[in-house]
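# Remarks on the overall topology
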Amino acid sequence: MKAVVMAERGGPEVLRPAELPTPEPGPCEVRVRVRAVALNHLDVWVRKGVASPRLPLPHVLGSDVSGVVDAVGPGVEPELVGREVVLNPGLSCGHCEACLSGRDNLCSQYKILGEHVWGGYAEYLTVPRANLLPKPANLTFEEAAAVPLVFLTAWQMVADKLQVRPGEWLLVMAAGSGVGSAALQIGKLFGARVLAAAGSEEKLARARELGADATVNYREPGWHRKVREITGGGAQAVADHTGADYWQDVIKATANGGRIAIVGASSGYEAVTPLAHVFYRQIAVLGSTMGSKSRLFEVLRHVEAGRLAPVVGRVLSLEEAARGHELLEERAVFGKAVLRVAS
Ligand code: ZN
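## As for helix H11 (residues 321-329)
Inspection of H11 places Ala321, Ala322, Gly324, His325, Leu327 and Leu328 among the buried residues, and these make up the whole buried set. Tucked into the core, H11 has its buried residues touching strand S1 (2-6), strand S2 (15-19), helix H1 (41-48), strand S16 (312-317) and strand S17 (336-340). One or two residues past the end of H11 sits Arg331, with phi positive at roughly 50 degrees.

## Describing the domain arrangement of the protein chain
Taken domain by domain, the protein chain consists of domain 1 (2-147 + 310-340) and domain 2 (151-287). Put simply, the middle of domain 1 and the middle of domain 2, counted by C-alpha atoms, are 28 Å apart. Each side of the interface is counted separately: domain 1 has 14 residues, and domain 2 has 15 residues. Of the roughly 1,200 Å² buried between domain 1 and domain 2, counting both surfaces, carbon and sulfur atoms make up 59%. Scanning the region where domain 1 abuts domain 2 turns up four residue pairs in polar contact (both at pLDDT 80 or more). Residue composition of the side of domain 1 that touches domain 2, grouped by class: nine nonpolar, three polar and two charged.

## Remarks on the coordination of the zinc ion
Taken together, Cys93 (SG), Cys96 (SG), Cys99 (SG) and Cys107 (SG) make up the full set of protein donors to the zinc ion, lying 2.3 to 2.4 Å away. Note that the zinc ion binds four donor atoms; their angles at the metal cover 106 to 114 degrees, and the shape is tetrahedral. For Cys93, a relative accessible area of 26% puts it in the partly exposed group. Overall, Cys96 belongs to the partly exposed group, its relative accessible area being 23%.

## A look at the sheet that holds strand S12 (residues 214-217)
The sheet built from six strands is open, its strands ordered S12-S11-S10-S13-S14-S15 with parallel pairing. Here the strands that pair on one side only, and so sit at the sheet edges, are S12 and strand S15 (284-287). Here the average twist between neighbouring strands, direction ignored, is 20 degrees. Against the sheet, helix H7 (residues 223-231) touches strand S10 (169-172), strand S11 (193-198), S12, strand S13 (235-240) and strand S14 (254-262), its axis set at about 165 degrees to S12.

## Remarks on the packing of helix H4 (residues 148-161) against helix H5 (residues 178-189)
Between two packed helices, the angle of one axis relative to the other and the distance separating the axes together describe the packing. For the pair H4 and H5, the least separation of the axes is 8 Å and the interaxial angle reads 50 degrees. By the criterion of interaxial angle, the relationship of H4 to H5 is oblique. For the crossing formed where H4 meets H5, the hand is right-handed. Contact residues: Val150, Phe151, Thr153, Ala154, Trp155, Met157 and Val158 in H4; Gly178, Val179, Ala182, Ala183, Gln185, Ile186, Gly187 and Leu189 in H5. In terms of residue class, the contact of H4 with H5 is built from eleven nonpolar, four polar and no charged.

## Notes on the pairing of S17
Counting buried positions along S17 gives four out of five residues, so the element sits mostly inside the fold. Note: strand S3 (residues 29-38) against S17, three bridges, orientation antiparallel. Opposite Val37, over in S17, you have Leu339 as the bridge partner. Sheet topology note: the S16/S17 ladder contains five bridges and is parallel. The residue bridging Val315 from the neighbouring strand is Val338, located in S17. A crossover links S16 with its parallel partner S17, the connecting element being H11, and its sense is right-handed.

## Quick word on helix H8 (residues 244-252)
Taken residue by residue, H8 has Tyr246, Trp247, Val250 and Ile251 as its buried positions. Across the axial projection of H8, the buried residues extend over an arc of 140 degrees, all falling on one side. Buried positions along H8 lie against H7, S13, S14, helix H9 (275-280) and S15.

Rules and cut-offs
- Residues numbered from 1 in each chain as written.
- Predicted model: local features only at pLDDT ≥ 70, side-chain atom pairs only at ≥ 80, totals over all residues.
- Heavy atoms only, no water.
- Buried < 20%, exposed > 50% of the residue type's maximum accessible area, 1.4 Å probe, protein only.
- Helix = DSSP H or I, 4+ residues; strand = E, 2+ residues; numbered from the N terminus.
- Contact = heavy atoms within 4.5 Å.
- Domains from an automatic or database assignment.
- Buried area = accessible area lost by both parts, 1.4 Å probe.
- Polar contact = N/O pair within 3.5 Å; in protein donor to acceptor, adjacent residues only side chain to side chain.
- Nonpolar A, V, L, I, M, F, W, Y, C, P; charged D, E, K, R; others polar.
- Donors = N, O, S within 2.8 Å, 3.2 Å for Na, K, Ca; no water.
- Tetrahedral: all angles 85-135°; square planar, octahedral: opposite > 155°, others 65-115°.
- Pairing = 2+ DSSP bridges.
- Axes fitted to C-alpha atoms, helices over the stretch in contact; angles between N-to-C directions.
- Parallel < 35°, antiparallel > 145°, perpendicular 65-115°, else oblique.
- Left-handed = near helix turned anticlockwise from the far one by under 90°.
- Right-handed = clockwise from strand over helix to strand, strands pointing away.
- Arc of directions from axis to C-beta.

What follows is the structure, given as structure tokens:
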């Protein structure tokens, strides 16, 4: 089969087209013919060796996959062959206390498709049967591939951790990113007023089209004061993954008693926290990674009903994976970049 393989760690140029053996599904697994695979910043971190630095090479990236079930392994119902599916990117043991209580993303064996095991930058991949969900009929394969990782991440952040309520102000940092554009929509779904922060006027205009009630450009110094002005004292809830460069201003933009959920740290992991703000103004800082596999069922129901929609900013071919990574690193795409895999 055709694939794009990462044979070493480094720049986008380490992603090269290659021929690999087509995988065979094992017990309780299916083989999926990939139709589209969405790119995530996670792919860039893995490629650079920042995430999973000891991962054996060569490796095949790709966490977000849509496609068609092509073959089933022992113990899987054969009528699944031909089914159009999206894949849940979380892999876990399935039998520990965390897994059985629906918190599989806290399983000690938790893995992410495309990070810890070979993913979807290929014509085929095998996954556990438990990771299949039906592709919403109203989406193209490219749109469907743009849903799982960012909506799962944004759902846990906004619905489960921040628990936003109607009328609250939700500040969404990097609203032009995949996870930001999902968090913005989920905030609106729960009745919050959304203040979208991004780094260009073009991205802010797109955020308003997606439903943002107000916008602020966080490249302008003192942007947190503008947030406090618009919200009347700071945002009650903040969805953030912008990292060290923005952290102190994110805290200043948060209301007394507010909560901040962080799902990443794009500009750097080592940040200085003004602790007086955290304790005196009683701010809660909530870490969040991915989401329970169960949440994707709920997300896809909202997608099917048109209440949530993936934002696809760019479609490229599988062979253009390296170009896709460049676009991601240049922050040149609003929403998701997706690779189409020829059928
Ligand atoms: Zn487990």
